[in-house]
Amino acid sequence: MPYVNKQANRKRVIIVGTGWAGSTLAGNLDDKKFKVTVVSPEDTTPYTPLLASAACGLYDFSIVETPIRHQNRDVRYIKARVEDVDFSAKTCKCVPAFDKLPETVASHFSLSYDHLVLAPGCTNNTFGTPGVAENAMFVRTARDAKAIQARIQDSFERASIPGLSGQEIRDILHFVIVGAGPTGVEISSELSDLFSHDYARLYPHIKKYARISIHDIAPNVLGGFDQQLQDYAMNSFDKRDVEVVTGSHIEKVDDKAIYTKELGRIPCGMVIWSTGNKVTSLAERLHCKKAEKGMPRLLTDNFLRLKGENGQVLPDVFALGDAADIEGSSLPTTAEVACQKANWLGAALNKDFDESTVNQFEYKQKAIVAYLGHSDGVIAGKGDYTGAEAWVAWRSKNFLWTRTWRQRVSVIVSWILDRLSGRTIAPK
Ligand SMILES: Cc1cc2nc3c(=O)[nH]c(=O)nc-3n(C[C@H](O)[C@H](O)[C@H](O)COP(=O)(O)OP(=O)(O)OC[C@H]3O[C@@H](n4cnc5c(N)ncnc54)[C@H](O)[C@@H]3O)c2cc1C
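Residues numbered from 1 in each chain as written. Predicted model: local features only at pLDDT ≥ 70, side-chain atom pairs only at ≥ 80, totals over all residues. Heavy atoms only, no water.

**Here we look at the sheet that holds strand β13 (residues 250-253)**
Working definition: the strands of a sheet are paired by backbone hydrogen bonds and lie parallel or antiparallel to each other. On the basis of which strands lie adjacent, the open sheet formed by three strands has the order β13-β14-β15 and antiparallel pairing. Of all strands in the sheet, those with a lone pairing partner are β13 and β15 (264-267), marking the two edges. Each neighbouring strand pair of the sheet contributes to a mean axis angle of 25°, computed without reference to strand direction. When strand β14 (residues 257-260) meets β15, the two strands line up antiparallel, connected through four bridges. (Pairing = 2+ DSSP bridges. Helix = DSSP H or I, 4+ residues; strand = E, 2+ residues; numbered from the N terminus. Axes fitted to C-alpha atoms, helices over the stretch in contact; angles between N-to-C directions.)

**Regarding the sheet that holds strand β23 (residues 376-380)**
Ordered in space as β22-β23-β24, the three strands form an open sheet in which the pairing is antiparallel. Among the strands making up the open sheet, the edge pair consists of β22 (368-373) and β24 (385-386). Here five bridges tie β22 to β23, and the two strands are oriented antiparallel to one another. Across the sheet, the residue bridging to isoleucine 368 is alanine 380, located in β23. Those strands touched by helix α7 (residues 227-239) are β22, β23 and β24, and its axis lies near 170° from that of β23. Of the strands in this sheet, β22, β23 and β24 are in contact with helix α10 (residues 388-401), which crosses β23 at around 80°. (Contact = heavy atoms within 4.5 Å.)

**So, the site of the ligand**
In the vicinity of the ligand there are 29 residues, among which Ala21, Thr48, Val82, Asp322 and Thr334 approach most closely. A distance of 3.0 Å separates an oxygen atom of the ligand from a polar side-chain atom of threonine 18. Between the ligand and the protein, one listed contact pairs an oxygen atom with a backbone N or O atom of tryptophan 20 at 3.1 Å. Counting only elements with at least two residues in the shell around the ligand, the list comes to α1 (20-28), β2 (34-40), β5 (75-86) and α9 (335-350). For the shell around the ligand, the residue count by class is 15 nonpolar, ten polar and four charged. (Near = heavy atom within 4 Å. Polar contact = N/O pair within 3.5 Å; in protein donor to acceptor, adjacent residues only side chain to side chain. Nonpolar A, V, L, I, M, F, W, Y, C, P; charged D, E, K, R; others polar.)

**Digging into the packing of aromatic side chains**
Following the criterion strictly, the structure yields 16 aromatic pairs and no others. Pairing tryptophan 20 with tyrosine 47 gives two aromatic rings, centres 5.0 Å apart and planes at 45°, and the pair type is tilted. With tryptophan 20 in helix α1 and tyrosine 47 in the loop between β3 (44-46) and α2 (51-55), this pair connects stretches of sequence that are 27 residues apart. Since its relative accessible area comes to 9%, tryptophan 20 is described here as buried. In this structure tyrosine 47 comes out as buried when scored by relative accessible area, which is 0%. Seen in terms of ring centroids, tryptophan 20 and tryptophan 401 are 4.8 Å apart; in terms of plane orientation they differ by 55°. Their pairing is tilted. Here tryptophan 20 is found in helix α1, whereas its partner tryptophan 401 is found in helix α10, with 381 residues between them in sequence. Of the two residues, tryptophan 20 and tryptophan 401, neither departs from the other in class, the shared state being buried. An aromatic cluster of at least three residues, connected via ring pairs, comprises Phe156, Phe175, Phe195, Tyr199 and Tyr203. In this structure, lysine 252 packs its charged tip against the face of tyrosine 259, placed 4.6 Å from the ring centre. Sitting above the plane of the tryptophan 405 ring, arginine 408 keeps its charged end 5.1 Å from the centroid. (Phe/Tyr/Trp six-rings, centres within 6.5 Å; stacked < 30°, edge-to-face > 60°. Buried < 20%, exposed > 50% of the residue type's maximum accessible area, 1.4 Å probe, protein only. Lys NZ or Arg CZ within 6 Å of the ring centre and 35° of its normal.)

**Some words on unusual backbone geometry**
Positioned with a positive phi, leucine 304 is a non-glycine residue whose angle comes to about 65°. Position of leucine 304 among the secondary structure elements: in the loop between β18 (298-300) and β19 (305-307). In this structure, phenylalanine 353 takes a positive phi of about 25° despite not being glycine. One can find phenylalanine 353 in the loop between α9 and β22.

**Side note on helix α6 (residues 182-202)**
Here α6 spans 29 Å end to end across 21 residues, near enough to the 30 Å set by a 1.5 Å rise per residue. Approximately 40° is the largest bend angle found in α6, and it occurs at phenylalanine 195. A large share of α6 lies buried, amounting to 15 of its 21 residues. (Expected span 1.5 Å × (residues − 1). Bend = angle between axes of the 7 residues up to and from the residue.)

**Some thoughts on the domain arrangement of the chain**
Size of an interface, as often reported, equals the accessible area lost when the parts are brought together. Once the domains are mapped, the chain shows domain 1 (6-124 + 278-350) and domain 2 (132-275). Contacts between the two partners involve 18 residues from domain 1 and, on the opposite side, 16 residues from domain 2. Summing the contributions of domain 1 and of domain 2, the shared interface buries around 1500 Å²; its carbon and sulfur component is 60%. When the buried surface of domain 1 facing domain 2 is broken down by residue, Cys56, Phe61 and Asn124 rank first, second and third, together holding 38% of it. Applying the counting rule to domain 1 against domain 2 returns one salt bridge. On inspection of domain 1 and its partner domain 2, the count reaches five residue pairs in polar contact (both at pLDDT 80 or more). Among the elements that take part in the side of domain 1 that touches domain 2, α2 stands out by supplying five residues, more than any other. Its residues placed into classes, the side of domain 1 that touches domain 2 shows eleven nonpolar, five polar and two charged. (Domains from an automatic or database assignment. Buried area = accessible area lost by both parts, 1.4 Å probe. Salt bridge = Lys/Arg side-chain N within 4 Å of Asp/Glu carboxyl O.)

**Describing α1**
Since the α-helix turns once every 3.6 residues, residues separated by three or four places project in the same direction. Of all nine residues in α1, seven are buried; the element is thus mostly enclosed. Here α1 has its buried residues at Trp20, Ala21, Gly22, Ser23, Thr24, Leu25 and Ala26.

**Some words on the pattern of salt bridges**
One pass over the structure, following the stated rule, counts 17 salt bridges. Between arginine 158 and aspartate 154 there is a salt bridge; the shortest N-O distance is 2.6 Å. Residue arginine 158 and its partner aspartate 154 are located together in helix α4 (residues 142-159), separated by four residues, close to a single helical turn. Its relative accessible area of 34% is what places aspartate 154 among the partly exposed residues. Counted as one network, the salt bridges with shared partners bring together Glu190, Arg395, Asp418 and Arg423.

Set out below in structure tokens:
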């Protein structure tokens, strides 16, 4: 029988992005059938649902991201940014993602594919507000979460310098969160837990000055939740002295204050900006069909195949995660959707993707949980729950988002350590 080198016949799959969508798919594809190359400027996948807790010292940073190369599989990773795609030549133009390149390294290179999977996610939406990019902090990567932790501690040390007036301390210890969606609410809740327990013990001389405010342009918090749960969340914030300013138009941010149309200058020591998503420059640049309502996300059919400029299906190009939506539907930009799509696509490609034998993708809505601090929370979607039950569901979700036994053990150890000796305070 003639020798057939199966490895040589493997189809080349390029995955753009190492977020929930890209890394889940890379882990699912059959490496006997596919030669998988992942291209992304980030060599790790951040576990976004755990970032707010990590920033506030509940989890160790080693468990909130995993390296793409650690998947025990034959996956090639290239630290680069895809700048453009030529759909007819089936090539991606890539630029190495390093600040400084050695002279011997080309400034760009090209990769050919048989299947391309676009999963570049989204970026932070600042709505062009002056000063936000320079002065505010974001929560999207483990790096961001580390920076927030360091900045919180720096603020308390700065406020402890002798000779400051009460007003100066109050201003330094005013923490503003912009955006009252699940991420903004969660980070404010974690901050509130941190300040009322660990920081109250460490900084008893200034604890009375620490203040948290949430600003949102919308008339209510937790936009995707029903009115009853929104009211519950507002009450919960009231009880913990977290100020919520709705209908707040932020016009500018500098290093010492935010400026709103309604209230003018509001001094603060730190701003966390969490107002949602914007499409990436790659998604903007690609010549294909985009959503006309809301964010101009890439559009696919129900088999996650990208729609070309004229609405035609591009059979070898798929798009998923926050960057894409199915034409005619409006799925949320969540890890839940990203992972469900990546699992579906992995299974479909492994079965040699044939439209006549593969069922189209269908999203299964899961409950949405938001943590409100002090072991309280709200759950929407599967019968509305509030209070400790929601908190338990939220903690369970934290656990379920992890992917390795090492992470699961570390999550449980973190909960125990939190109860016994408090949170991690010193930034590493
Ligand atoms: C703090 C926070 C908490 C969250 N909590 C939850 C939660 O509890 N539940 C939930 O379901 N969802 C949650 N989400 C939403 C969830 O994280 C996103 O929906 C998910 O990350 C989307 O995955 P993705 O792979 O599409 O994009 P991303 O995770 O954003 O990854 C995109 C990847 O593409 C890379 N990339 C970008 N441009 C290029 C390019 N040109 N070339 C190559 N690579 C590129 C990026 O560097 C990145 O690696 C949360 C989000 C945040 C920020």
